[in-house]
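Spelled out from the first residue to the last, the chains are:
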Amino acid sequence: GNSVTQMEGPVTLSEEAFLTINCTYTATGYPSLFWYVQYPGEGLQLLLKATKADDKGSNKGFEATYRKETTSFHLEKGSVQVSDSAVYFCALSDPLNTGTASKLTFGTGTRLQVTL
Amino acid sequence: KAGVTQTPRYLIKTRGQQVTLSCSPISGHRSVSWYQQTPGQGLQFLFEYFSETQRNKGNFPGRFSGRQFSNSRSEMNVSTLELGDSALYLCASSLATGARDEQYFGPGTRLTVT
């Protein structure tokens, strides 16, 4: 079946530091890949997505590139801010395998804490 | 455009009771999915409804059920509540136009079972 593996957190960084959160996946079809962010007490917000190999998703300074050869979708940001403190989830949608694009498989989440 | 709304936001129930949660999707979205989020199991897919029909189902017992109305609003019901049902229940909606759909999530309903 499908699965997503994320690096363990929490990740603690100083403001303006470089961020990488690793994400690798297993899927039998041709999945779309997503990063979602969850702020305290809130639901999930779509951060970025990539739908095919070598696509780069980007939003709010965050980037991730769909690497089919390494089955990875690592999240990066060049300079984090305190306001980026949240939990980040990597997810995939594999409609050819699951019959619907609406079934997301999530990683366990990585908590990011950014300090001044 | 209004986002996905979920009611109630917080709920406290006793073991053995049943509960109904409500989700209103983004206008024009035809698919509604439900997820359970717990510290131990993370985010798990419950089921998806499209055009008032359950289109996909996760690995949850039959105590968990749902339905969708003609206006795409959805409800999920949990009967005979157990302590382990305490979780954040998230609803997501999408246009359901194809394989590259994006899911948009609501703020969730936090259910506590005592």
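Scoring rules and cut-offs
- Residues numbered from 1 in each chain as written.
- Chains lettered and ligands numbered in written order.
- Predicted model: local features only at pLDDT ≥ 70, side-chain atom pairs only at ≥ 80, totals over all residues.
- Heavy atoms only, no water.
- Pairing = 2+ DSSP bridges.
- Helix = DSSP H or I, 4+ residues; strand = E, 2+ residues; numbered from the N terminus.
- Axes fitted to C-alpha atoms, helices over the stretch in contact; angles between N-to-C directions.
- Disulfide = S-S within 2.5 Å.
- Buried < 20%, exposed > 50% of the residue type's maximum accessible area, 1.4 Å probe, protein only.

1. Concerning the sheet that holds strand 3 (residues 19-21) of chain A
All names here are of chain A. A sheet is described by the order of its strands in space; here four strands give the open sequence 3-9-8-7, paired in antiparallel fashion. Strand pairing shows two members of the sheet lacking a second neighbour, strand 3 and strand 7 (56-59), which therefore form its edges. Averaged over neighbouring strand pairs, the angle between their axes works out to 15 degrees when direction is ignored. As paired elements, strand 7 and strand 8 (residues 62-65) share four bridges and run antiparallel to each other. Bridged to Asn-59 within strand 8 is Phe-62.

2. A short note on unusual backbone geometry
Between A:Gly9 and the following residue, A:Pro10, the backbone shows a cis peptide bond with an omega angle of -5 degrees. Within the fold, A:Pro10 resides in the loop between strand 1 (3-6) and strand 2 (11-14). Cis geometry is found at the peptide bond from B:Thr7 to B:Pro8, where omega equals -15 degrees. You can see B:Pro8 is positioned in the loop between strand 1 (5-7) and strand 2 (10-13). Phi angles above zero are rare outside glycine, and A:Asp54 is one such case at about 75 degrees. With respect to the secondary-structure elements, A:Asp54 resides in the loop between strand 6 (44-50) and strand 7. Even without being a glycine, A:Lys60 presents a positive backbone phi close to 55 degrees. Considering the arrangement of structural elements, one finds A:Lys60 in the loop between strand 7 and strand 8.

3. Some points on the state of the cysteines
Taken as a whole and assessed by the stated rule, the structure comprises two disulfides over all chains. One disulfide in the model links A:Cys23 with A:Cys90; its S-S distance is 1.9 Å. The sign of the S-S torsion, about -70 degrees, decides the handedness of the disulfide formed by A:Cys23 and A:Cys90: left-handed. Residue A:Cys23 is found in strand 4 (residues 23-26), and its partner A:Cys90 is found in strand 10 (residues 86-93); the two are separated by 67 residues along the sequence. Residue A:Cys23 shares its accessibility class with A:Cys90, and that shared class is buried. Disulfide pairing is shown between B:Cys23 and B:Cys91; the S-S distance is 1.7 Å. One disulfide, between B:Cys23 and B:Cys91, carries an S-S torsion of -50 degrees and so falls in the left-handed class. Of the two residues, B:Cys23 sits in strand 3 (residues 19-24) while B:Cys91 sits in strand 9 (residues 87-94), which places them 68 residues apart along the sequence. Taken as a pair, B:Cys23 and B:Cys91 share a single burial class, namely buried.

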